[in-house]
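Understanding the architecture of this molecule
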Amino acid sequence: MTQKEIDSVTGVETTGHVWDGDLKELNKPLPRWWVSVFYATVVWAIGYWAVYPAWPTLSGYTKGYFGYSQRGAVDKQVAAAKADQAKYFDQIAAMPLDEIEKNETLMPFVMAGGAAVFGDNCGPCHGKGAQGGIGYPNLNDDDWLWGGTPDAIHQTIMHGIRSGDAETRDMAMPRFGLDGILQPAQIADTAQYVLSLSGHATDPAAAERGKAIFADNCTPCHGDNGKGNQELGAPNLTDGIWLYGGKAPDIEKTIQTGRGGVMPFWAGRLDPVTIKMLTVYVHSLGGGK
Amino acid sequence: MTMIKPAAEIVPQTAAVEAAPGIERIDVTAVASKEARLAYAARQMIYPKLAHGTFRKAKWAVMAITLGIYYALPWIRWDRGPSLPNQAFLLDFANQRLFFGPIEIWAQELYYITGLLILSALGLFLVTSVAGRMWCGYTCPQTVWTDLMIVVERFWQGDRNARIRLDASRWSFEKIWKKAGTHISWLLVAVATGGAFVFYFRDAPTLAAELVNGEAPIVAYVFLGLFTGTTYLLGGIAREQVCIYMCPWPRIQGAMFDKDSLLISYRGYRGEPRGAHKKGQSWEDRGDCIDCKACVAVCPMGIDIRDGVQLECIQCALCIDACNEIMDRVERPRGLIAYDTFKNLDAASHHDRAPLRLIRPRTILYSSVMGLVAAIMLFAWLNRTLLEISVLHDRNPLYVQLTDGSLRNGFTVKILNKLHKTRTFTLTAQGLEDAHLSIVGFADTNPRIDVVTDNLRALKVLVTVPADEREDLHGAATPFRFVATDTHDGSRTYHDATFMGPNHE
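The text that follows walks through the structure, step by step, so that each part is easy to find. Note that the coordinates shown come from a computational prediction; the quantities given were computed from them, not determined experimentally. (Residues numbered from 1 in each chain as written. Chains lettered and ligands numbered in written order. Predicted model: local features only at pLDDT ≥ 70, side-chain atom pairs only at ≥ 80, totals over all residues.)

**Focus on the overall build of chain B**
The line we're drawing: A run of H or I in DSSP becomes a helix once it reaches four residues, and a run of E becomes a strand once it reaches two; helices and strands are each numbered from the N terminus. What counts as a contact is two residues whose backbone-derived C-beta atoms lie within 7 Å of each other.
Counting its regular elements, chain B contains 15 helices and 16 strands. Counting contacts in chain B only where the partners sit at least 6 residues apart, residues at least 24 apart contribute 71% of the total.

**Some remarks on the environment of Asp496 of chain B**
Residue and element names in this part refer to chain B. Counted only if it meets this: The exposure label follows from counting other C-beta atoms within 10 Å of a residue's C-beta, where the C-beta atoms are placed from the backbone and the thresholds are 20 or more for buried and 12 or fewer for exposed, leaving partly exposed in between.
For Asp496, the position within the fold is in strand 16 (residues 492-500). Take Asp496: there are 11 C-beta atoms within 10 Å of it, and that puts it in the exposed class. In this structure the C-alpha to C-alpha distance between Asp496 and Arg481, which are 15 residues apart in sequence, comes to 4.4 Å. For Asp496, the residues in contact, after removing those within four places along its chain, are Pro479 and Arg481.

**Observations concerning the interface of chain A and chain B**
In many analyses, interface size is given as the accessible surface area lost on bringing the parts together. Stated formally: Lys, Arg, Asp and Glu make up the charged group, whereas Ala, Val, Leu, Ile, Met, Phe, Trp, Tyr, Cys and Pro make up the nonpolar group; the residues left over, Gly among them, are polar.
With 18 residues of chain A in contact, the opposing surface of chain B contributes 16 residues. Residues belonging to the side of chain A that touches chain B are distributed by class as follows: three nonpolar, nine polar and six charged.

**Side note on the pairing of strand 1 (residues 14-19) of chain A**
Residues and elements named next belong to chain A. This is how it is decided: What makes two strands pair is DSSP finding at least two bridges between them.
Burial of strand 1 is sparse: only zero of the six residues sit out of reach of the surface. Relative to strand 2 (residues 23-26), strand 1 runs antiparallel, the two sharing three bridges. In the sheet register, Trp19 faces strand 2, and the bridge partner there is Leu23. Between strand 1 and strand 2, which follow one another and run antiparallel, lie three residues, and Asp20 among them has a positive phi close to 50°.

**Some details on the environment of Ala294 of chain B**
All names here are of chain B. Mapping Ala294 onto the fold places it in helix 12 (residues 294-298). Measuring from C-alpha to C-alpha, the distance between Ala294 and Cys323 comes to 6.5 Å, with 29 residues separating the pair along the chain. In this structure, Ala294 is in contact with Ile26, Ala322, Cys323 and Ile326, ignoring residues within four places of it in sequence.

**Description of the packing of helix 4 (residues 141-157) of chain B against helix 6 (residues 173-199) of chain B**
All names here are of chain B. Just so we agree on the cut-off: Lines fitted to C-alpha atoms define the axes, with helix axes restricted to the stretch in contact, and inter-axis angles between N-to-C directions lie between 0 and 180 degrees. In these notes the angle categories are as follows: under 35 degrees is roughly parallel, over 145 is roughly antiparallel, 65 to 115 is roughly perpendicular, and the rest is oblique. Two helices cross in a left-handed way if the nearer one is turned anticlockwise from the farther one by less than a right angle. They cross in a right-handed way if the turn is clockwise.
Direction vectors running N to C along helix 4 and helix 6 enclose 150°, while the axes themselves pass 9 Å from each other. Accordingly, the angle class assigned to the pair helix 4 and helix 6 is roughly antiparallel. In this structure, helix 4 meets helix 6 at a crossing whose hand is right-handed. Of the residues in helix 6, those in contact with Leu148, Met149, Val152, Glu153, Trp156 and Gln157 of helix 4 are Lys178, Gly181, Thr182, Ser185, Trp186 and Val189. Of the residues in the contact of helix 4 with helix 6, the class split is six nonpolar, four polar and two charged.

What follows is the structure, given as structure tokens:
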């Protein structure tokens, strides 16, 4: 070992390296605490490798002593959440819909769950707030094609509309124009009559002519006074609420091509309790009858 | 392994030098003396000597009071009725409440705490402008706990000289048990400190049992560990390093003093020229300072107060005690080191005096701003409503038209009851007298809504304007007001809302 050299200005030992003849580097090692922490992290890392998944192998990776995985942790949390929810689920499963609505302890859970399920599954067509759109009913009003009681809503969600399910709601409006049942002039007259039912006719003479055509072709489903029939999914034509637009050309097109929107069935895709929560939620939106 | 080696020059020499007859000159050099103030220097251990006197007594008292409050406060009970916690001071994060005796603050009212913090900051400014770093010297947790840790250290290892000798000595059985005793005791103090901290956030007796049984929430253990570690590290090990290198306040305080602030000062006009006093020597033509260095030996910050006011000085006043004791012994007047103002020190060096000015623009400003903030807070507190209502209009859809042509808007109305009893309300739509109001979940039209004690109730409210009243609406947006009325005492609160509809065609 060579003699230690002490720098005369600072009193600090030098490393012995000399540049340009007289430029020396002071020996200022890393602080001991810093080095200790560094070695501690090395030790920690080795422990970490043993405990947690760490190293890739040819066929996979080292699993770690406890077999921990983030996915496993999520599964555990989901299972714990399900276990917490079980007491609500059991009650909801056993309770009729109208009683759920009166149950103050269940309702917050049902409403929160219903809203989440609605957003995921129903929102794409009906809108996040169930406001609907052209061809997709607004569920906030009190105008229901197939009925707005909890049981009717439950039936619709379970089996859908023209969904292909065995018990689906399955009536469609005929294609009066395309199938040659009515001529274009007759369709225009009928449309004016339909508008007159809610006081919006623009051509009273045409509406008068359309009255007879309506009576012959439309009353079986929409009824004599045009108030519709929820058994058949036939809408009320007198209320100024229109699924496919309420102007004369919209109505003419409806008569021309017929209408038959499709709603999927959810039985089997959502569990029965979730469908009940969804039913109560939709019923609560304000449309409920 | 001690990372901090005692500096060789502060190890006592064998031959004691007398500063005055019977008074030893303590062989100590201030760690941060005027001559040796390096930008980068390894830490030198400071061995503060126990001081005796008025200020030391005051500091013991402050320590007893502040630590007493800290450790005992969570255990004080306060009856608030059956459904609420009975802990006098509780930060209830789970329920977003702060309880302090009869006061209860909800999370959204945290501005009261902001107000308190502003008052505290202004108070700190005021105190500092009047009497310097009173906060640092007496009440700062760092000072109090460091003081406590030094008490523990002194108990195990003895006072200054004994500690210096122990550190300089080789490892022996005696050194091991004295050191181990010190560190174990420090850790016990630290655990008590960390333990007391978590009690502020959860019912103390419950949590204490949970902690012992290993059933407490993990976060409680994490914070207990955190505060144990920081107490041990900052109070036991780091001490003055925290004040000098970590704390921003010493840098700020320079802006808080002025020439009229009472600061711990060495009265150089009286003390200089300093020097050892021989028996029988006259006190004429010399200073009162006998250069015994008692003031340096007691200093927990390792400074020489005779260098003047400096960043490291926390103004704990222990040097005053040390000096007064010496002055009594050499029969000179006390107060060679004392609370004094720059102005008076300056005047005194010209054989003059500058009167103490407590009332001056700076103190008036701080006091008046404090008064203003306090008044605003008091006003806000006295006008705090114990009943609140908030209204959220449904966004999607903004309105719906019903089959009979009427218009309906949906709202989420939240009623907050801050009283410690259940209240019953009715809800009306003022400004939409013809509208029909229904609440989801309530069968009758004008329901009585119970909101239980200290809670919030969210209601889905549907407001319907009949078809024949639609003419009275102001176009697409009609302002109105939700009014909640307490059925018991008739007190009302309201929230403005808007009834939406289609534009007139």
